[in-house]
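Coordinate analysis (summary)
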Amino acid sequence: SSAVAGAAANIKKAVADIDNHPDKFFIIAGHSSGAAISNRIAELAKDPSHFRLVTLDGFTPNKALQKRVDSTCWYGQNGNSLSANGGAMKSNCIK
C-alpha cells in the first residue's frame, strides 16, 4: 500500500529496534492504514516472541502472518453495524 511505501524508513527503524533489543517486548499496533504499516513491521521482524501485533479497525494481517505471530484484531460493532473495516476483519482475523 502507499502507506507502507511512504513509511519505509520508519518501518526499517522499527524493525531494527525490535531485532536489536531481544531483551525487550514490543507491542506493534496500527489503526486503519497504519495497520498496513504495523503488519509490515511484524512481517520483517526476525523473532515474533519479542512482540505482539494489534490491528485496530484496519488492514487485516494475512493468515500466514497471523499464524506466525501473536496477534489480535479489534473492530467496533454496535448490534449489526460494524466499523469501517469491521466486516473484513471479522471475516479474515483468526480467533
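Scroll up for the structure.
Reference entry: report on the structure contained in this document. This structure is a prediction, so every number in the text was calculated from the model and none was measured.

Now for the overall build of the protein. When helices and strands are tallied, the protein shows five helices and five strands. Counting helices and strands in the order they occur from the N terminus, the protein gives α-α-β-α-β-α-β-β-β-α. Relative to a compact globule of 95 residues, whose C-alpha radius of gyration would be 12 Å, the protein shows 13 Å and is just as compact. In terms of overall dimensions, the protein has C-alpha extents of about 45 × 25 × 20 Å along its principal axes. For the protein, the proportion of its 95 residues judged to be buried stands at 32%. Of the contacts made within the protein by residues no fewer than 6 positions apart, 52% connect residues no fewer than 24 positions apart. For the protein, the accessible surface area stands at approximately 5,600 Å², while carbon and sulfur atoms represent 54% of it. Counting 11 positive and 7 negative side-chain charges, the protein places the averaged centre of each group 6 Å from the other.

Scanning the entire structure with this criterion turns up one disulfide. At a sulfur-sulfur separation of 2.1 Å, the disulfide partner of C73 is C93. With the S-S dihedral at roughly -90°, the linkage between C73 and C93 falls on the left-handed side. Placement of C73 in strand β3 (residues 71–74) and of C93 in the segment after α5 (86–92) is noted, with a sequence separation of 20 residues between them. For C93, a relative accessible area of 12% gives the class buried.

The next thing to look at is the pairing of β3. In this structure, strand β2 (residues 51–56) lies alongside β3, joined through four bridges in parallel fashion. Opposite V54, over in β3, you have T72 as the bridge partner. In the classification by handedness, the crossover that spans β2, the intervening helix α4 (residues 63–68) and the parallel β3 is right-handed.

Attention now moves to unusual backbone geometry. Even without glycine at this site, S32 takes up a positive phi of about 55°. Of the residues examined, S32 reaches a relative accessible area of 29% and is grouped as partly exposed. With a phi close to 45°, D57 is a non-glycine residue in the positive phi region. Checked against the element boundaries, D57 lands in the loop between β2 and α4.

How each quantity is defined
Residues numbered from 1 in each chain as written. Predicted model: local features only at pLDDT ≥ 70, side-chain atom pairs only at ≥ 80, totals over all residues. Heavy atoms only, no water. Helix = DSSP H or I, 4+ residues; strand = E, 2+ residues; numbered from the N terminus. Rg over C-alpha atoms; globule rule 2.2 N^0.38 Å. Buried < 20%, exposed > 50% of the residue type's maximum accessible area, 1.4 Å probe, protein only. Contact = heavy atoms within 4.5 Å. Areas by Shrake-Rupley, 256 points an atom, 1.4 Å probe, with all protein chains shown as cover. Lys, Arg positive; Asp, Glu negative; His and termini not counted. Charge placed at Lys NZ, Arg CZ, Asp CG, Glu CD. Disulfide = S-S within 2.5 Å. Pairing = 2+ DSSP bridges. Right-handed = clockwise from strand over helix to strand, strands pointing away.

Note that all results are geometric; they support no functional claim without further evidence.
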